[in-house]
Amino acid sequence: MASPAGISGHDGARDQLLSHLRRLDPWQLEDFKLGLQCPELLPAGARRIPWADLRAAGPADLLCLLEERYPGRRTWEAALRVFEDLRLSSLCERLRAELHEMSQVCRLQDPNQEEPAALEETAHRRRYRERLRTRILALWDCTPWPEDHIYLRDVTQREHEELRGLLHPRGPGAPPLTVLLEGAAGVGKTTLATKLVLHWAEGVLFRGRFSYVFYISGHRLAELGDTSFAGLLALDWPDSQVPVEELRAHPERLLFVIDGAEEVLLGSDGSASQPSDDWYQELPAASILVRLLKKELVPEATLLVTAGPPGGRALRRLLLSPCRVGIPGFTEGDRREYLRRFLGDPDVAEEAWRRMRGSETLVRSCAAPLACWAVCAGLKRQLAAGPASAPAPGAPTPTSLYARLFCSLLAEAEPGLRAGSSAGQWRAVCSLAAEGLWLAAFTFAGDALERRRLEAPFIDGLLRLQILRRVSDCEHCVTFAHRSFQEFFGALFYVLRGSQGSLGGVPRHQEMRLWLNHAFADANPYWRQTVRFFFGLLGADLAGQLEEALGCQMSPGAADELLDWAEELERCGAVSAHFDFLWLFQCLHETQDENLARRVLNHLPEADLDIQGCEHLRVSSFCLKHCQKLRKLRLSVSRDLEKKRTSGLGTPEMRAADFQMHQWEDICSVFCSGNLSELDLSNSKLSTASMMRLCLNLGNPRCRLQKLAWKSVSPVEGLKKLGLLLHGNHHLTHLDLSSNCLDAAVSPGVFRMLGHSACRLKYLWLESCGLSAEVFRQLFMELGRNSSLRFLSLADNDLSHAELERLREPPGTAASALKELSLEKGNLSAAACEALASLLTSTPRLTRLCLGLNPLGNEGARLLCGSLTWPACVLQRLELWWCRLGAPSCRHLSDALRRSRSLTHLNLRKNNLGDGGVKLLCAALGRAYCALQSLNLSHCSLTVAGCCELAYALKRNGHLKILDVGNNAVQDEGVRELCSVLKSPSCVLQTLGLEKCSLTAVCCRPLSCVLGSSKSLENLNLLGNDLGPDGVSRLWKPLRKSTCRLRKLGLEKDLCSAVSAELEKLHEKGCSLRVMSQWDFNDPEERWWW
């Protein structure tokens, strides 16, 4: 048996924390991000995350930022501090419990702790152990390995220590342990599980810990019909008389080892059945397994469950607080040692290892012992075909190695397996493999083989070649020797000539398109490697070799089907949503056919690539140079391309470094295609040489980029070169340099381009750049010479020392085009508002100003509002969210609203205005000539009284279209007041935000009347309210009428599910209503502002 190199404890903490972040509503998520900006909430000595990176981050990106800045346990500690500050008490309790669990349980326990004394041995327990030992040894005897397989290790003392530590008791009062062993197919999960069972049966391990250990195989369960839990345990009992009472008397001494649970179809009957602890109830085997996993049958028992990555996700939903343990398989040292011993000659082995290292995919696959054998066997045959010293263009592809391996095995096989009469049998094997992938089935019983008319002699031949294996726990069942073998033959099915699909009903080309979509959208993990093999088999050379070896004709139209699929993707725009571009590039590289790659990539309008190693660099180089119609590219390089050169010229290391730089040049060449208009290089880490080549291509006259994002790119000195190259550029209109340290040494070269007469830049982001007073002076001086810039964001810079009055249009200069200015989170206080007021009256085109997250206070509002009344001020949108404003500031805002004819949008959320402040605002809002169209009063401490004031003002206002009063104590009475005016024919309100307003089903009556009569209301946000099914039912009555104007309704997720059937009926009638559990924005342009 091949033994795993070791086990690595992990507890799935990342998944747990990501789950907590995803449960936050948008308001809470924003508050969490703001909390991360408070130094007192961060770990000691930690730097805060730039606001430019945080602001737009979703939960997954936010967690990546946390892990990067506060690695390890500090990620959880930082999150907990912020959650405590937000007073999310129940969430904090869960996090504290999980942190305690991480430190106390979900790590490998000290293996040197003494094991409890051996339990008293009874005669029937001894007989059971002997029978179990015989069964496990029989399983191992029935698992053949290739003759030339290398056995790196046997059972070691370290392995015993790890197993003891893994299942050591938690301590008094701790809940029963559930361990989930996870790892890729073939890395040794079953080996480790069966060794644990065997060592208990032999009395080596856990004799004082467990009275009984039960081994439950997924293969065996899949073949069982209805049974009981007692009947399942009786399968391994010497006389079939299970001592149920003894087992139930001490359940804490029971260990259930459940291997391959994903092999069992966990049907809806099993998962939906009522909980029960009846050991004698007859149920489908899958239902028994579900109850055991959920700890319904034996709550106090210990569980050890194995699962591959796809199955692990499903099992984690069933298991109670599992301790997740990774099985890594062979280490890198093991793989290298395996290759050395397999090939024999150290020089040949070193050359083979050098080739392998060029493909991270190959190296990763060799973590599984049998896959390592397959790769090494393929490499051995490839090296035998030519001298080892011959230069290789790159690492061998997995498809080429597998094809060479299987072709050579067949060349040495008996005549019955070779080309000729066996062609139909090979087609049947490929069809069986493909069907199994569709059904996530990896064990095939005799009836499945008979249905495919697979003959016994042919199956026996495949067993002798180690392509198939007998399943030891399932009589007459076979499986492919490794999951990758099934994936290879499944891919081959779609390259063979024929039109029928593997499932019988759908034509083969439709099946192919479906699994291509699944593979590149990551909807079905089983198809990922299959699709790579499929692309590799499209190469003419490999197809010809396999056609000769199997005697099966290859389909000449498979490549054309692929091209049709690519054209369809372009037509429907599917490549823009959840599409794995890098995986497409890896698959196209697998073909080694540049012509095919060119034809497929000719349809690609955009790409999103994270280059994290040599393989990613190689495949991106192979493909990007063929993307001549590419218009939009996001390219992030996660590590330096150029390694330190420690060896002399002409060495393999030097040649590899030079080759990588050539590949980088191929990637950069796409910038000069003439079609690429948008490039995002954010978060790239480049070497000096690769930065130089990048900038040279960006400065090429054929480069016609219009939008460039250069956020957090290192080394920051590259901006000097970039500034020189962009000087005089007349194509670039958007430039984002946020999250770079723009000091006095770097900034002059960048800003100088702004003053050039050819500059056409319209949008510039300089957020979180640490700009100093000197740098601000340089920037404002160059802006004084610029007549094109219309948008500028200086968010998250300390603006308290910036001379903002320098932004005013200097006398005698060209008219400033600046229309939109963001000074969000700029540490601006009331002292800066005088300069801002002057700016508003001296910049004739400034229509948008964002001052959110600045401590302006009431005095700042007074100074600012004075300028809003001037005729020279044309401001239309003003952002004052979380500016520490109170009710007194509303007096000045009200005066500005009365006198301003331009201000149409006002955002005051997260200010403690109260009902008194709202009353002052309504004094202006109630004037017929008030031009305001959008007012955000969420999180402003208003109550029913404030709603009364708003209702009174709305009766006299004919302009307000958007009103948000979410996260206030509006209550049902406040909604009733608002509804009294909303149903008026003269009311023009289109959007009403009532999220988290403490509403109940009572408010649905007046809302229902509004929905039935309003001619304007199109969007209603009721998220975060306890409306209940009765309330939603009342709301739904007017929605059925064709006269109802509502187009978007926000409801809690459970209520969305409850109305899904009704919503479908409305859609069938042509209604365009959307019911959403997460609110979005009406105007995509507003995403930047609120």
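Details of the structure are given in the entry above.
Rules used in this analysis
- Residues numbered from 1 in each chain as written.
- Predicted model: local features only at pLDDT ≥ 70, side-chain atom pairs only at ≥ 80, totals over all residues.
- Heavy atoms only, no water.
- Core = buried A, V, L, I, M, F, W, Y, C linked by side-chain atoms within 4.5 Å.
- Buried < 20%, exposed > 50% of the residue type's maximum accessible area, 1.4 Å probe, protein only.
- Contact = heavy atoms within 4.5 Å.
- Axes fitted to C-alpha atoms, helices over the stretch in contact; angles between N-to-C directions.
- Helix = DSSP H or I, 4+ residues; strand = E, 2+ residues; numbered from the N terminus.
- Parallel < 35°, antiparallel > 145°, perpendicular 65-115°, else oblique.
- Nonpolar A, V, L, I, M, F, W, Y, C, P; charged D, E, K, R; others polar.
- Salt bridge = Lys/Arg side-chain N within 4 Å of Asp/Glu carboxyl O.
- Pairing = 2+ DSSP bridges.
- Lys, Arg positive; Asp, Glu negative; His and termini not counted.
- Polar contact = N/O pair within 3.5 Å; in protein donor to acceptor, adjacent residues only side chain to side chain.

1. Description of the nonpolar core
And step 1. One finds Phe256 and Trp710 to be the most contacted residues of the largest nonpolar core, which totals 325 residues.
And step 2. Ignoring sequence-local partners within four residues, the contact set of phenylalanine 256 consists of Phe214, Ile216, Phe229, Leu233, Leu292, Val298, Ala301, Thr302, Leu303 and Leu304.
And step 3. Grouped together as the second largest cluster of nonpolar side chains are 33 residues, Leu41, Leu66, Leu99 and Leu853 included.

2. Focus: the packing of helix α43 (residues 1004-1013) against helix α44 (residues 1028-1039)
And step 1. Contact geometry for α43 and α44: axes closest at 8 Å, N-to-C directions at 10 degrees. Compared by their axis directions, α43 and α44 come out roughly parallel. For the pair formed by α43 and α44, the contact residues are Cys1004, Arg1005, Leu1007, Ser1008, Leu1011 and Gly1012 on the first element and Gly1031, Val1032, Arg1034, Leu1035, Pro1038 and Leu1039 on the second.
And step 2. The residue makeup of the contact of α43 with α44, split by class, is 7 nonpolar, 3 polar and 2 charged.

3. Here we look at the pattern of salt bridges
If the charged atoms of two oppositely charged side chains come close together, the side chains can form a pair.
And step 1. What the rule picks out here adds up to 46 salt bridges.
And step 2. A salt bridge links aspartate 25 to lysine 996; the shortest N-O distance between them is 2.0 Å. Of this pair, aspartate 25 sits in the loop between α1 (13-23) and α2 (26-35) while lysine 996 sits in the loop between β24 (991-993) and α43; the two residues are 971 residues apart in sequence, bridging distant segments of the chain.
And step 3. Here aspartate 796 makes a salt bridge to arginine 48, at a shortest N to O gap of 2.9 Å. Remark: arginine 48 occurs in the loop between α2 and α3 (51-54) and aspartate 796 occurs in the loop between β17 (791-793) and β18 (820-822); sequence separation between them is 748 residues.
And step 4. Residue aspartate 796 is classed as buried on the basis of its relative accessible area, which comes to 5%.
And step 5. Among the residues examined, arginine 48 registers a relative accessible area of 31% and is labelled partly exposed.
And step 6. Connected through salt bridges with shared partners, the residues Glu30, Asp31, Arg909 and Lys910 form a single ionic network.

4. Side note on the pairing of strand β8 (residues 323-326)
And step 1. Burial of the side chains of β8 extends over both faces: Cys323 and Val325 are buried on one face and Arg324 and Gly326 on the other.
And step 2. Taken together, the 4 bridges between strand β2 (residues 178-182) and β8 define a ladder with parallel strand orientation. Within β8, the residue paired with valine 179 across the bridge is cysteine 323.

5. Thoughts on the side chain of glutamate 995
And step 1. With respect to the helices and strands, glutamate 995 occurs in the loop between β24 and α43.
And step 2. Despite its burial, glutamate 995 remains without a salt bridge, the nearest opposite charge being carried by lysine 996 at 5.9 Å.
And step 3. Side-chain polar atoms of glutamate 995 contact the side chain of tryptophan 27, separated by 3.2 Å.
And step 4. Residues within four places of glutamate 995 in sequence aside, it is in contact with Pro26, Trp27, Gly966, Asn967, Asn1021, Leu1023 and Asn1025.

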